[in-house]
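If you want the building blocks of each chain, they are given just below.
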Amino acid sequence: MERDSSPSDQFHRYKNLIQNGDNPDITKERQGASFNLYNMQCFVYENDHKLQRRQEILEFVESHREFDDPVHPHFLNRDEQIDRATRKCLAMVDNLDAIDVTDYFDEAPLYQLLTIGRELHCLSLHYGMFLPTIQVHTEKSLILGPFQMAASKAILGTFAQTELGHGSNLSKLETTATYDATTKEFVIHTPTMSAGKWWPGGLGKSANYAAVMAQLYTSGESKGPHLFMVQLRDNAHAPLPGVTVGDIGPKLGNNANDNGFLIFDHYRIPRRNMFMKYSKVEADGTYIPPPHAKLGFGAMVLVRLLMIRDQTCQLGAAAVIAIRYSAVRHSAVRQGEINEGEGEVQILDYRTQQYRLLPQLARSFPSSQRMRSRNSTSKYVTKQINNNANMELLPELHALSSGLKAVITWEVAQGIEQLRLSCGGHGYSRASAFPDMYAYAVGGCTYEGENIVMLLQVARFLMMIAKEVRSGNPKLAEIAEYIAKPDAVTARISSWKTCSDEDIIHDFEAVTRKLIFATFDRLTTLERTMKKKEAWNACSIDLCKAARMHVKTYLVKNFLARVRTCEDPASRTVMHTLAKLYAFDLISGGGGHFMKGGFLSEKQFNEVQLGIYEMLAAIRPDSVALADSWAISDLELRSVLGRRDGNVYPALLEWAQQSPLNQN
Ligand SMILES: CCCCCCCCCCCCCC(=O)SCCNC(=O)CCNC(=O)[C@H](O)C(C)(C)COP(=O)(O)OP(=O)(O)OC[C@H]1O[C@@H](n2cnc3c(N)ncnc32)[C@H](O)[C@@H]1OP(=O)(O)O
Ligand SMILES: Cc1cc2nc3c(=O)[nH]c(=O)nc-3n(C[C@H](O)[C@H](O)[C@H](O)COP(=O)(O)OP(=O)(O)OC[C@H]3O[C@@H](n4cnc5c(N)ncnc54)[C@H](O)[C@@H]3O)c2cc1C
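These numbers come from a predicted model, not from an experiment. (Residues numbered from 1 in each chain as written. Chains lettered and ligands numbered in written order. Predicted model: local features only at pLDDT ≥ 70, side-chain atom pairs only at ≥ 80, totals over all residues. Heavy atoms only, no water.)

Quick word on the sheet that holds strand β7 (residues 243–247)
So, point 1. With antiparallel pairing, the three strands of this open sheet are ordered in space as β4-β8-β7. Strands at the two margins of the open sheet, each flanked by one partner only, are β4 (197–198) and β7.
So, point 2. With two bridges connecting them, β4 and strand β8 (residues 260–264) associate as antiparallel partners. Residue pairing in the sheet places Trp198 in a bridge with Phe261 of β8. (Pairing = 2+ DSSP bridges. Helix = DSSP H or I, 4+ residues; strand = E, 2+ residues; numbered from the N terminus.)

Digging into the site of ligand 2
So, point 1. In the neighbourhood of ligand 2, 17 residues make up the surrounding shell, with Phe159, Gln161, Thr162, Ser168 and Glu450 lying closest.
So, point 2. Gln161 has a polar backbone atom sitting 3.0 Å from an oxygen atom of ligand 2.
So, point 3. A distance of 2.7 Å separates a nitrogen atom of ligand 2 from a polar atom in the side chain of Thr162.
So, point 4. Here ligand 2 loses 63% of its free accessible area of 970 Å² to cover by the protein chains.
So, point 5. Of the residues assigned to the shell around ligand 2, the class counts are eight nonpolar, seven polar and two charged. (Near = heavy atom within 4 Å. Polar contact = N/O pair within 3.5 Å; in protein donor to acceptor, adjacent residues only side chain to side chain. Areas by Shrake-Rupley, 256 points an atom, 1.4 Å probe, with all protein chains shown as cover. Nonpolar A, V, L, I, M, F, W, Y, C, P; charged D, E, K, R; others polar.)

Focus: the pattern of salt bridges
So, point 1. Inspection of the entire model under this criterion finds 31 salt bridges.
So, point 2. Among the salt bridges present, the one from Arg65 reaches Asp68, with a minimum N-O distance of 2.5 Å.
So, point 3. A relative accessible area of 53% places Arg65 in the exposed class.
So, point 4. Residue Asp68 is classed as partly exposed on the basis of its relative accessible area, which comes to 32%.
So, point 5. A salt bridge links Glu417 to Arg420; the nearest nitrogen and oxygen atoms lie 2.9 Å apart. Within this pair, Glu417 and its partner Arg420 are both found in helix α11 (residues 394–421), separated by three residues, close to a single helical turn. (Salt bridge = Lys/Arg side-chain N within 4 Å of Asp/Glu carboxyl O. Buried < 20%, exposed > 50% of the residue type's maximum accessible area, 1.4 Å probe, protein only.)

Some remarks on the environment of Leu543
So, point 1. Here Leu543 shows up in helix α17 (residues 540–564).
So, point 2. For the pair Leu543 and Arg460, spaced 83 residues apart in sequence, the C-alpha to C-alpha distance is 8.3 Å.
So, point 3. Ignoring anything within four residues of it in the chain, the contact list for Leu543 reads Leu456, Ala459, Met463, Thr519 and Trp536. (Contact = heavy atoms within 4.5 Å.)

Side note on the site of ligand 1
So, point 1. Taken together, 21 residues sit near ligand 1, with Ser168, Lys294, Arg304, Gly449 and Arg460 positioned nearest.
So, point 2. The separation between a nitrogen atom of ligand 1 and a polar side-chain atom of Gln161 is 3.1 Å.
So, point 3. A distance of 3.3 Å separates a nitrogen atom of ligand 1 from a polar atom in the side chain of His398.
So, point 4. Protein chains bury 80% of the 1300 Å² of accessible surface belonging to ligand 1 in isolation.

Some thoughts on the pairing of strand β1 (residues 157–160)
So, point 1. Here β1 shows two buried faces, one formed by Gly157 and Phe159 and the other by Thr158 and Ala160.
So, point 2. Pairing of β1 with strand β5 (residues 209–218), which is carried by four bridges, proceeds in the parallel orientation. In the strand pairing of β5, Phe159 is matched with Ala211.

Put into structure tokens, the structure is as follows:
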């Protein structure tokens, strides 16, 4: 019997269908934009220099063959994924002069996305936490040594804090570091099974050093968790005696990263290997405490700020994919007609589709931009601590970084999932990039501080502020000044066209204030009959709600403020509508809080709902151009559905052809 042609031959036939040039629908969308794309991109990236650097870095990566992928990464098994990522990491490190490595917000993440993709890998923790730990926790006079070793690739580090038994609750970590004054060494030990380190990225196979968080014991006394620089593997990369180390197996995502476990058996390190910038153990065992008890957690604060920017960019990329796909999804596979007989439409024309896409697009802008100023705040706070031992701003920075980390990672993960669904069946394919994006982003809800635990830290800060305000003598951090403003009885919000930024801010602040004080009153009432911690637990759902609302208010205010700085009038008009859509969508979702006690009337609530409809219609013609304003290249996007030219279907066929199942 004659054999059918192979799947590969069949695909080849279809390949001829690949269009030359861009999909006409997407071109039409671009032509219809109300603003100049370049001006908008300059606003999004703050200036044209940053935009130009994006292009230069892209060209650099595209012109270096060592960054090519001989096999599409989607079709690799885990060993191959790790091999690929490691090969790329080496190429990346060999070419670091292509970027400004100190630019953690733009150039470094972009370079990584272009070379490796959306994936934690063997160097993520080295750059993401190990080097920041050295930076934040090493005395100035000693910092050069470890940095030079890291730069010359003699050291590849990770951050080993979480244990099998404890992750969030650092005070209960069980790994011990006991000072032996006779030998001037610390003895690092894993006393129980639950004390085994579990999760550190790059630990399983790659790292030869780790910053290890352990309970410090000196002169027979416990001094709480402290950080130690610990060598794990010898020059031949074999674990040193007293160290047991390995990979923890596959995870939901990020499988090119060898997250690992680590067990110590009375393993000795020199005294100087304790990170002693803030707290010290003298040679005789005398303990010098830090100027603030939580300074030892400084590296985590810094990384939470970095994550916020990184995560929001994932949401931006997801919105780009879904919007472009929604512009080209029609003709061959139509989804129905709006006006019977008039033909089918692009799915982007459905109001429900716009409601799925555009609020997510709006959500992706504010946090990515304001984070730059938070980074400066972080640098400023670090300077204050180093120069004047001034700790005043630390609680504010901790509350803000924890809150933004919790709210943004959650919204990003939910947003990506919503955008995936908006692409129907093709969104479920890895070709869309959504599954990898989601797996990457949702990890951020857990690592670097589990989100609920982080929200409760914000709530702690807010309850302290509420207490101060009630005491009548508040000394308030800038982010909390609104909590001391007088109560407002009625909302000011009206039609989106007429209500001012001040009206929106007024309403958000008023609602958040009410929520904070209602929770504070509940907490203090409960404290009359319960122990403090029981009372806290009894109202912790409300505490989280107040914390979330506080962060959202911060984001709304910052989005509106940022839009006011846009110098190009056409770009400013669209961005302003997007900012209002963001605020109205939050009001619509949190209607219960806004309408409580009649603050927002039913009429006003209806105006909010109607406003959303109208703003979706107003933004619709600019959707594709707004997606383009993220200036994301196809290489960075890594999505068949989101490709810039809109030629989705032939590209899907081409992608599927690479499946090993189609090779014979
Ligand atoms: C290239 C770019 C890529 C970017 C991405 C990077 C990729 C990297 C990938 C990353 C991979 C993932 C890598 C990883 O996952 S590494 C592992 C990350 N692990 C965690 O984040 C653990 C989370 N837990 C904690 O941080 C603490 O235990 C918390 C905070 C929960 C409680 O703590 P504790 O139980 O000890 O405290 P308390 O609640 O009794 O509160 C006591 C007081 O202390 C204050 N307080 C607490 N903490 C701080 C602080 N930090 N600064 C200033 N103050 C602080 C607090 O407000 C309170 O003040 P007051 O109310 O009494 O005044
Ligand atoms: C992809 C990934 C990478 C990671 N990389 C690293 C790494 O490189 N280095 C490292 O050290 N760790 C790493 N981790 C571990 C991570 O930091 C921890 O998982 C995280 O801090 C949460 O701790 P946990 O797992 O113990 O969760 P748990 O604290 O056990 O949380 C479980 C549940 O308990 C709740 N809960 C806990 N405490 C409280 C509380 N006080 N009040 C109310 N509810 C509470 C939480 O909200 C959550 O619902 C990584 C984790 C992941 C997923």
